[in-house]
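The residues making up each chain are set out below.
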Amino acid sequence: RVASLAYDAATLAAGLVRAAGQNAFSEQVITNPNGFIGVNGLFRFTSNGLNQRGLAGYEIGPSGARILSPAPRTFQAGS
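As the structure is a computational prediction, the values presented were derived from the model and not from experiment.

Each value, and the rule that gives it
Residues numbered from 1 in each chain as written. Predicted model: local features only at pLDDT ≥ 70, side-chain atom pairs only at ≥ 80, totals over all residues. Heavy atoms only, no water. Core = buried A, V, L, I, M, F, W, Y, C linked by side-chain atoms within 4.5 Å. Buried < 20%, exposed > 50% of the residue type's maximum accessible area, 1.4 Å probe, protein only. Contact = heavy atoms within 4.5 Å. Pairing = 2+ DSSP bridges. Helix = DSSP H or I, 4+ residues; strand = E, 2+ residues; numbered from the N terminus. Axes fitted to C-alpha atoms, helices over the stretch in contact; angles between N-to-C directions. Salt bridge = Lys/Arg side-chain N within 4 Å of Asp/Glu carboxyl O.

(A) The arrangement of the nonpolar core in detail. Listed in full, the 5 residues of the largest apolar core are Leu 12, Leu 16, Ala 24, Phe 36 and Phe 43. Contact partners of Leu 12, with chain neighbours within four places excluded, come to Phe 36, Phe 43 and Phe 45.

The structure is reproduced here in structure tokens:
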């Protein structure tokens, strides 16, 4: 789990520098309400310093795991 967070951080930093140049780490860019795609799914940073992740919900039973709620593809309501 920690490795995936480090991967997301490095990939995000490189992508932001490539896309936004000198403004890459401005609050407006970092707090993009649409978020970013990471190795474990969608994530975004809020203006109060927290982060949100769009993860799938699974149920583990005798016959294995099943998806109860798939991971969202966007943070937009109704998508």
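(B) Seen up close, the sheet that holds strand β2 (residues 41-45). Spatially, 3 strands are ordered β1-β2-β3 in an open sheet, and the strand pairing comes out antiparallel. Strand pairing shows two members of the sheet lacking a second neighbour, β1 (36-38) and β3 (51-54), which therefore form its edges. With strand direction ignored, the average angle separating the axes of adjacent strands in the sheet is 30°. Bridge count for β2 against β3 is 4 bridges, and the pairing is antiparallel. Residue pairing for β3: Arg 44 is matched across the bridge by Gln 52.

(C) Fine view of the pattern of salt bridges. Per the counting criterion, the structure on display carries 2 salt bridges. Here Arg 53 ties to Asp 8 by a salt bridge, and the two come within 3.2 Å at their closest N and O atoms. You can see Arg 53 sitting in strand β3 and its partner Asp 8 sitting in helix α1 (residues 2-20), a full 45 residues away along the chain. Judged by its relative accessible area of 4%, Asp 8 is buried. Ionic pairing is found between Glu 59 and Arg 66, a salt bridge with its closest N-O pair at 2.8 Å.

(D) Structural detail: the pairing of β2. Taking burial as the measure, the 5 residues of β2 include 4 buried ones, the bulk of the element. Of the strand pairs in this sheet, β1 and β2 are connected by 3 bridges, and their pairing is antiparallel. Considered in β2, the bridge of Ile 37 is made with Leu 42. With antiparallel pairing between neighbouring strands as the criterion, β1 and β2 make up a hairpin whose turn holds 2 residues. The antiparallel hairpin formed by β2 and β3 contains 5 residues in its connecting segment, where Gly 49 sits at a positive phi of about 90°.

(E) Representation of the side chain of Ser 4 within the structure. By the secondary structure assignment, Ser 4 is in helix α1. Not counting residues within four places of it along the chain, the set of residues in contact with Ser 4 comprises Val 39 and Asn 40.

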